[in-house]
Amino acid sequence: MQDPEKLKKSWEFQRAYQKGSKYWNRYFVIYVLHNHFDHLRLGITVSKKVGKSVQRNRVKRLIREAFRQLRMQVKVGYDIVVVGRTPACRLTCQETQNALAQLLHRAAILNPRRRDRNH
């Protein structure tokens, strides 16, 4: 599976913030906006309030890896902006994946796992 496209332009992020649906938990805020394409686009922001560059980059790496793991279950055709919050600095990779999966599920863009359908 190829990597999701990235949101790069400021106006793409702004459109997601203004028109997208917002979901949050302790660690992340996500904005989900239908994009009328046949692929996902991911944008990640982590504010300087979260910490110094080392912590911010770690949070971004955790988000990217968690998203890579969840990729096959996420419905296509959406722009997703993930905003890292300060408590996310202390997460493990698995905890990051669980926190993001919870938000994507709440946003109703996460398909159930294939093996769960058999039960």
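Residues numbered from 1 in each chain as written. Predicted model: local features only at pLDDT ≥ 70, side-chain atom pairs only at ≥ 80, totals over all residues. Heavy atoms only, no water.

Thoughts on the pattern of salt bridges
Any two side chains of opposite charge can pair if their charged atoms end up close together.
Then comes step 1: Taken as a whole and assessed by the stated rule, the structure comprises 4 salt bridges.
Then comes step 2: Of the charged contacts in the structure, one is a salt bridge between Arg-15 and Asp-79, with a shortest N-O distance of 3.0 Å. Residue Arg-15 is located in helix H1 (residues 10–19), and its partner Asp-79 is located in strand S5 (residues 78–84); the two are separated by 64 residues in the primary sequence.
Then comes step 3: Two residues, Glu-65 and Arg-68, come together in a salt bridge whose shortest N-O distance is 2.9 Å. A residue pair is termed a helical-turn pair when its members lie 3 or 4 positions apart in one helix, as Glu-65 and Arg-68 do in helix H2 (residues 53–70) at 3 residues.
Then comes step 4: Under the relative-accessibility criterion, Glu-65 is labelled partly exposed at 25%.
Then comes step 5: Through salt bridges with shared partners, a single network forms among Glu-12, Arg-15, Arg-41 and Asp-79. (Salt bridge = Lys/Arg side-chain N within 4 Å of Asp/Glu carboxyl O. Helix = DSSP H or I, 4+ residues; strand = E, 2+ residues; numbered from the N terminus. Buried < 20%, exposed > 50% of the residue type's maximum accessible area, 1.4 Å probe, protein only.)

Side note on the side chain of Glu-12
Then comes step 1: Relative to the helices and strands, Glu-12 is located in helix H1.
Then comes step 2: On the basis of relative accessible area, Glu-12 is assigned to the buried category, the value being 8%.
Then comes step 3: A polar atom in the side chain of Glu-12 sits 3.0 Å from the backbone nitrogen of Lys-8.
Then comes step 4: Setting aside chain neighbours within four positions, we find Glu-12 in contact with Leu-7 and Arg-41. (Polar contact = N/O pair within 3.5 Å; in protein donor to acceptor, adjacent residues only side chain to side chain. Contact = heavy atoms within 4.5 Å.)

Details of the packing of H2 against helix H3 (residues 93–106)
Then comes step 1: At their nearest, the axes of H2 and H3 sit 9 Å apart, and the two run at 65° to each other. Seen from above, H2 lies across H3 with right-handed handedness. Residue-level contacts link Leu-62, Ile-63, Glu-65, Ala-66, Phe-67, Gln-69 and Leu-70 of H2 to Cys-93, Thr-96, Gln-97, Leu-100, Ala-101 and Leu-104 of H3.
Then comes step 2: The class makeup of the residues in the contact of H2 with H3 is 9 nonpolar, 3 polar and 1 charged. (Axes fitted to C-alpha atoms, helices over the stretch in contact; angles between N-to-C directions. Left-handed = near helix turned anticlockwise from the far one by under 90°. Nonpolar A, V, L, I, M, F, W, Y, C, P; charged D, E, K, R; others polar.)

Let's talk about the environment of Val-32
Then comes step 1: Along the chain, Val-32 falls in strand S3 (residues 28–34).
Then comes step 2: Here the alpha-carbon distance between Val-32 and Gly-20, two residues 12 residues apart in the chain, equals 5.0 Å.
Then comes step 3: If near-sequence neighbours (up to four positions away) are discounted, Val-32 is found in contact with Gly-20, Ser-21, Tyr-23, Tyr-78, Asp-79, Ala-107 and Ile-109.

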